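# Report on the structure
Below, each chain spelled out in residue letters.
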Amino acid sequence: MTSVITAQARVVGIVRGREIDTSASVTIDQDTLVVAWQDATPWRLSLSGIEGIAGGPSSLTVYLVSNDVLELSGDEQLRPLGLQLLDRACAMPEVTRGLKSLGASRGTPVAAHDRWFAPLLAARRSVEGVSDPARQVMLLDAATLAKEIERAIREIAVTRAPGDAAEQRAVEAALEEEAEAVFTAIAMMGLAGDALRGGALDTRIADWRQWVETVRGVFAAADDAWTGIAAELR
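Residues numbered from 1 in each chain as written. Predicted model: local features only at pLDDT ≥ 70, side-chain atom pairs only at ≥ 80, totals over all residues. Heavy atoms only, no water.

### Some words on the layout of surface pockets
Of the volumes computed, that of the largest pocket is approximately 250 Å³. Residue lining of the largest pocket: 15 residues in total, with Ile53, Ala54, Gly55, Leu83 and Leu86 positioned closest to the centre. When residues of the lining of the largest pocket are traced back to their parent elements, those giving at least two are strand E5 (50-56), strand E6 (59-64) and helix H1 (78-89). Top element by residues in the lining of the largest pocket is H1. It accounts for five residues. Taken together, the residues of the lining of the largest pocket break down into eight nonpolar, four polar and three charged. (1 Å grid on protein atoms, 1.4 Å probe; cavity = no way out; pocket = protein on both sides within 12 Å on 5 of 7 lines; lining within 4 Å. Points joined across faces, edges and corners; volume = space filled by probe spheres on them. Helix = DSSP H or I, 4+ residues; strand = E, 2+ residues; numbered from the N terminus. Nonpolar A, V, L, I, M, F, W, Y, C, P; charged D, E, K, R; others polar.)

If you want it as structure tokens, here you go:
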């Protein structure tokens, strides 16, 4: 169970048109940043409304939607609080939910089915438990994933037509055609990853959410492609 981190800080900024300059107690409750001050109702800011953060040893800047900003300063607990905020806001979601072909080979060779999805499952495992956006992008590298998909196609073709190089090339070409949308989705994921790594801290979490959507797109495209690949193999 994750320990609760509470920081005492001076909070300066503007949220929803209201200017703030006061001392407060700041903590994270589930998916909410809670800012509480004396003799007032605490503010509960959903992590989904946070677009980026930047911090130092005893400071934390929180960038919100609509260009609102909160500047927190004065407590050494602000640094671990910021790390916990990033951990909660950028936890990698489940990207295989809703895929129809992943769990069943549907009458095609099980080995081919498992080989096709192996690079995707390995990519998903590589980012499990990692909450730093830049590291997630590095681990789920677009160029590496594209090469692994290409390798899977070659190995499936060899298994489909062992000892017949010409037939292997024909099968490989057919599978590559079926997988065209997958490679397009991977390229989009790569561009989103580059944008995240090169972007500003004030939009880091928002850029991460855009990247996650492209990751979902890769998995969905691979799931759809398997239908055509399975038909070719049959």
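### Observations concerning the pairing of strand E1 (residues 6-15)
Looking along a regular strand, one sees side chains alternate from face to face of the sheet. Taking every second residue as pointing to the same face, the buried face of E1 carries Ala7, Ala9, Val11, Gly13 and Val15, while none of Thr6, Gln8, Arg10, Val12 and Ile14 on the other face is buried. In the sheet, E1 pairs with strand E2 (residues 18-29) via ten bridges, with the strands oriented antiparallel. Within E2, the residue paired with arginine 10 across the bridge is serine 23. Direction of pairing for E1 relative to strand E7 (residues 69-73): antiparallel, over a ladder of five bridges. By the bridge assignment, isoleucine 14 is partnered in E7 with valine 69. (Buried < 20%, exposed > 50% of the residue type's maximum accessible area, 1.4 Å probe, protein only. Pairing = 2+ DSSP bridges.)

### Let's talk about the sheet that holds E5
On the basis of which strands lie adjacent, the open sheet formed by seven strands has the order E4-E3-E2-E1-E7-E6-E5 and antiparallel pairing. In this open sheet, the two strands that pair with only one neighbour each are strand E4 (43-46) and E5. Taking the axes of each pair of neighbouring strands and ignoring which way they run, one obtains an average angle of 30° across the sheet. On the sheet, H1 packs against E1, E2, strand E3 (32-36), E5, E6 and E7 and is oriented at approximately 70° with respect to E2. (Axes fitted to C-alpha atoms, helices over the stretch in contact; angles between N-to-C directions. Contact = heavy atoms within 4.5 Å.)

### Notes on the pattern of salt bridges
Tallied over the full model, the rule gives seven salt bridges. Arginine 115 serves as the salt-bridge partner of glutamate 155, at 2.3 Å between the closest nitrogen and oxygen. Of this pair, glutamate 155 sits in helix H4 (residues 142-160) while arginine 115 sits in helix H2 (residues 110-126), and the two are 40 residues apart along the sequence. A relative accessible area of 35% places glutamate 155 in the partly exposed class. (Salt bridge = Lys/Arg side-chain N within 4 Å of Asp/Glu carboxyl O.)

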